[in-house]
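Survey of secondary and tertiary structure
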Amino acid sequence: MGKDKVVIAVVTTIVFSGILFGILMAYTTYYSPMKVYSIEDTVSMLKSNLDEDDRFKMYQLYVFNELSRSCKMRDKETGEIRKFTKSEMDEFYTTIGGKEAVIKYLTNIKDEKEKRQELEYACYELKIISSEELNEIWNNR
């Protein structure tokens with residue numbers, strides 16, 4: 001009877017610890033501020049509109065997606081935290097042109113090898129398009 005209570009206590013402790021660890025990891029992944037070296041430089045990068053460089057829009061959309069999880073940035077140097085409003089986030093998205101601008105860029109690439117590399121990079125590395133969108137763009141050459 002004493003061994004049963006010990007086993008139950010150990011299993012309960014392990015399960016409870018697992019739940020707490022999961023909650024902590026979810027917080028750090030989704031709700032903690034995005035860490036950057038300079039908040040002002042990152043904001044200016046998100047607001048810049050380089051029409052001639054469509055590949056830059058992929059990076060902007062990636063940073064926007066990371067920022068949109070918590071809508072907060074933390075400066076690594078100073079520790080300053082800045083929270084962004086819904087209107088600021090909308091401004092960033094419209095400046096970038098949204099996901100549509102990235103899909104348009106990927107669709108208009110002429111070189112097959114470069115197109116495949118860019119599609120895979122946007123899907124698997126930056127995670128700004130889904131694998132379904134990758135297949136759709138690739139098959140509609």
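This is a predicted model, so every value here is computed, not measured.

This brings us to the packing of helix α3 (residues 54-68) against helix α4 (residues 86-96). Put simply, α3 and α4 touch, their axes get as near as 10 Å, and they point 160 degrees apart. On the basis of their axis angle, the class for α3 and α4 is roughly antiparallel. Two packed elements cross with a definite hand, and for α3 against α4 that hand is left-handed. Two secondary-structure elements touch here, α3 through Lys57, Gln60, Leu61, Phe64, Leu67 and Ser68 and α4 through Met89, Phe92, Tyr93, Thr95 and Ile96.

A separate point is the domain arrangement of the protein chain. Examined at the domain level, the protein chain breaks down into domain 1 (1-31) and domain 2 (33-139). Just the C-alpha atoms count here: the centres of domain 1 and domain 2 sit 37 Å apart.

Take the side chain of Ser70 next. Topologically, Ser70 is positioned in the loop between α3 and β2 (72-75). Look past the residues within four positions of Ser70 in its chain and what remains in contact with it is Tyr30, Tyr31, Ser32, Pro33, Met34 and Lys83.

On to unusual backbone geometry. Backbone geometry at Cys71 places phi at a positive 60 degrees, although glycine is not the residue there. Mapped onto the elements of the fold, Cys71 is located in the loop between α3 and β2. Unlike most non-glycine residues, Lys127 shows phi in positive territory, near 55 degrees. Within the secondary structure layout, Lys127 lies in the loop between α6 (112-125) and α7 (131-139). Under the relative-accessibility criterion, Lys127 is labelled exposed at 63%.

The next thing to look at is the sheet that holds strand β3 (residues 81-83). With respect to topology, 3 strands assemble into an open sheet ordered β1-β2-β3, the strand pairing being mixed. The open sheet has two free edges, formed respectively by β1 (34-36) and β3, since each of these has just one partner strand. Here the strands of the sheet are splayed against their neighbours by 25 degrees on average, with no regard to which way each runs. Pairing analysis gives 3 bridges linking β1 to β2, with the strands arranged parallel. The residue of β2 that forms the bridge with Val36 is Asp75. Helix α2 (residues 39-47) rests against β1, β2 and β3 of the sheet, and its axis sits at about 135 degrees to β2.

What follows concerns a nonpolar patch on the surface. A cluster of nonpolar residues, Val7, Val11, Val15, Phe16, Ile19, Leu20 and Ile23, forms a patch on the protein surface that exposes about 670 Å² of accessible area. Relative to the assigned elements, Ile19 resides in helix α1 (residues 2-31). Since its relative accessible area comes to 48%, Ile19 is described here as partly exposed.

What counts, and at which threshold
- Residues numbered from 1 in each chain as written.
- Predicted model: local features only at pLDDT ≥ 70, side-chain atom pairs only at ≥ 80, totals over all residues.
- Heavy atoms only, no water.
- Axes fitted to C-alpha atoms, helices over the stretch in contact; angles between N-to-C directions.
- Helix = DSSP H or I, 4+ residues; strand = E, 2+ residues; numbered from the N terminus.
- Parallel < 35°, antiparallel > 145°, perpendicular 65-115°, else oblique.
- Left-handed = near helix turned anticlockwise from the far one by under 90°.
- Contact = heavy atoms within 4.5 Å.
- Domains from an automatic or database assignment.
- Buried < 20%, exposed > 50% of the residue type's maximum accessible area, 1.4 Å probe, protein only.
- Pairing = 2+ DSSP bridges.
- Patch = residues over 30% accessible without salt bridge, like charges linked within 9 Å, V, L, I, M, F, W, Y side chains within 5 Å.
- Areas by Shrake-Rupley, 256 points an atom, 1.4 Å probe, with all protein chains shown as cover.
- Salt bridge = Lys/Arg side-chain N within 4 Å of Asp/Glu carboxyl O.

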